[in-house]
Amino acid sequence: MRILIVEDEEKLRRVIELQLSSDEHEVVTAANGEEALRKIEGVDLVITDLKMPGMDGLSLLERISRDSPSTPVVVMTAFGNVETAVEAMKRGAIDFLQKPFSLDHLSTVVFKALEVRRLRTENQRLQEELVTRNTFGNLIGRSPGMQEVFRLVERVAPSRATVLLCGESGVGKDMVARAIHFHSPRRTQPLVKINCSALPENLMESELFGYEKGAFTGASIARPGKFEQADQGTVFLDEIGDVPMAVQVKLLRILQEREFERLGSNRTRQIDVRVIAATNVDLRAALEGGRFREDLYYRLNVMPINIPSLRERREDIPALAQHFMAKYGDGKQRLSPGALDKLLANDWPGNVRELENVIERSLLLASGEELQASEIRIDMGPRSRQTSAEPYFLPAGMTLDEYEQSILKEALKRASGNKSQAARLLGITRNALRYRLSQIGIDDKEPD
Ligand SMILES: Nc1ncnc2c1ncn2[C@@H]1O[C@H](COP(=O)(O)OP(=O)(O)OP(=O)(O)O)[C@@H](O)[C@H]1O
Ligand SMILES: [Mg+2]
């Protein structure tokens, strides 16, 4: 351990230095408080005299307790001067040595003090760990919804149980699937991802289960499928709702019997895989529509984990935003309070992925170190794309009046306040616009 001895009397300084060096400590010395402060970097324990020219022991002690509270300080006091010893303890010294002291006593006091130092550092580490429990692996989330997700991931990871991850696009299903695999005993084995919606039906079977030579035209060599590649590991079936009925039967067999055949082969193969499936649609709707097998659904739904949308856990936005600022920025930029408010108020139909994109884009356009609300560019594009499958409707939580009001204001903004131009943008006459504006109390007195 590295110990700093602060003592103006050279002889005593030497004696202590010798003793502690022979106890195998690394010793640094200083003749007064100022010198001590210059040498304190990396020191595990300070032993200081109280009476010294210049900065005395008590002032030094105060500086250390304030600036590096985990560094213990032992003070040396003159014989019979109990009050000063007590005063020093009050100000944060962890022990004192009354002069003259034996070298054995010195070693004992130092040993005890270093033990305290170890406990303090340990305690600090545990505290920091408590703080970082807001994350799980590289998943961020302090909201109750995400805490529940972390708890479930921890519980299911050790087993081979099939897990079904449900959540909107961009909520982090991929990340949760990885977290499960990497917290499982299979972590050293492959994690093979299959995007079920990206594969045309005829390719999907050969992709999943592999094929033998000559199984179909073009199959000039035999190839193992994704399930075989994942043997002993984990298969992540993304967008499971898009698996065609014909393939669903085979998946069911894998889940139930852990066996399958390659295309063009009669040989049944055994396999040991853990299956994690993900969906951003409600599978029950697909069940009722007859597009999904009931038996497969129940096999998959053994351990469902619902990942809440970002707008259902807005308290995660600050930490996520910070995380993406660090990821895409130079580490110096901050969010202004207004910018954070803007992020907090948004609905995030594209969830965490959209937040990530917005931060990345905003940082590209930002000028200063503090990102302003006006520099946060929330793209309205994905929003309309997101809902394009459904008939167009009001944004969640808005009334028709509120919606009209926000559109009128936006039109005015785009037209820089010019009402004729705003009216053109809206496809109504200037008079109609004026009427509507007066209805919502927007001043109509200017000539334009
Ligand atoms: N809790 C989180 N902490 C940190 N980053 C996250 C978190 N959740 C999501 N992300 C990030 O958001 C992005 C989208 O996450 P991911 O790909 O896991 O979503 P998904 O639910 O699989 O989306 P999709 O349904 O579109 O496949 C990724 O870049 C991921 O790094
Ligand atoms: Mg995904």
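Residues numbered from 1 in each chain as written. Chains lettered and ligands numbered in written order. Predicted model: local features only at pLDDT ≥ 70, side-chain atom pairs only at ≥ 80, totals over all residues. Heavy atoms only, no water.

Draft legend 1. Structural context of the overall build of the protein chain. Counting secondary structure elements, the protein chain contains 19 helices and 18 strands. Whereas a compact globule of 448 residues would reach a radius of gyration of roughly 22 Å, the protein chain reaches 34 Å, over 25% beyond that. Projecting the C-alpha coordinates of the protein chain onto the three principal axes gives extents of approximately 90 × 85 × 35 Å. Here the protein chain holds 448 residues, and 40% of them are scored as buried. Across the protein chain, contacts joining residues at least 24 apart in sequence account for 65% of those joining residues at least 6 apart. Total accessible area on the protein chain stands at roughly 24,400 Å², and carbon and sulfur atoms take up 51% of it. (Helix = DSSP H or I, 4+ residues; strand = E, 2+ residues; numbered from the N terminus. Rg over C-alpha atoms; globule rule 2.2 N^0.38 Å. Buried < 20%, exposed > 50% of the residue type's maximum accessible area, 1.4 Å probe, protein only. Contact = heavy atoms within 4.5 Å. Areas by Shrake-Rupley, 256 points an atom, 1.4 Å probe, with all protein chains shown as cover.)

Draft legend 2. Region of interest: the sheet that holds strand S3 (residues 45-49). Spatial ordering of the open sheet is given by S2-S1-S3-S4-S5, a layout of five strands whose pairing is parallel. The open sheet has two edge strands, strand S2 (26-30) and strand S5 (95-98), and neither has a second partner. For this sheet, the mean inter-axis angle between neighbouring strands, taken without regard to orientation, is 20 degrees. Pairing analysis gives four bridges linking strand S4 (residues 73-77) to S5, with the strands arranged parallel. Its bridge partner lying in S5, Val75 is registered against Phe96. Helix H1 (residues 10-22) rests against strand S1 (2-6), S2, S3 and S4 of the sheet, and its axis sits at about 165 degrees to S2. (Pairing = 2+ DSSP bridges. Axes fitted to C-alpha atoms, helices over the stretch in contact; angles between N-to-C directions.)

Draft legend 3. Representation of the domain arrangement of the protein chain in the model. Domains assigned within the protein chain are domain 1 (2-130), domain 2 (142-306), domain 3 (310-386) and domain 4 (400-439). On a C-alpha basis, the centres of domain 2 and domain 4 stand 51 Å from each other. (Domains from an automatic or database assignment.)

Draft legend 4. Geometry of the site of ligand 1. In the vicinity of ligand 1, 18 residues are found, and the nearest of them are Ser169, Gly170, Lys173, Asp174 and Glu356. Contacts to ligand 1 include Lys173, whose side-chain N or O atom sits 2.6 Å from an oxygen atom. Protein coverage of the free-state accessible area of ligand 1, which is 630 Å², stands at 87%. The set of elements that each furnish at least two residues to the shell around ligand 1 consists of strand S7 (139-140), helix H7 (173-182), helix H13 (317-328) and helix H15 (351-365). Among the residues making up the shell around ligand 1, the classes are represented as seven nonpolar, five polar and six charged. Counting residues domain by domain, the shell around ligand 1 receives three or more from each of domain 2 (142-306) and domain 3 (310-386). (Near = heavy atom within 4 Å. Polar contact = N/O pair within 3.5 Å; in protein donor to acceptor, adjacent residues only side chain to side chain. Nonpolar A, V, L, I, M, F, W, Y, C, P; charged D, E, K, R; others polar.)

Draft legend 5. Layout of the pairing of S4. Burial of S4 is extensive: five of the five residues sit out of reach of the surface. Burial along S4 is two-sided: the face carrying Val73, Val75 and Thr77 and the face carrying Val74 and Met76 are both buried. Looking at chain direction, S3 and S4 are connected through four bridges and run parallel. The partner of Asp49 across the bridge, within S4, is Met76. One crossover worth recording links S3 to the parallel S4 by way of helix H3 (residues 57-67), and it is right-handed. (Right-handed = clockwise from strand over helix to strand, strands pointing away.)

Draft legend 6. A look at the side chain of His25. Mapped onto the fold, His25 is located in the loop between H1 and S2. On the basis of relative accessible area, His25 is assigned to the buried category, the value being 18%.

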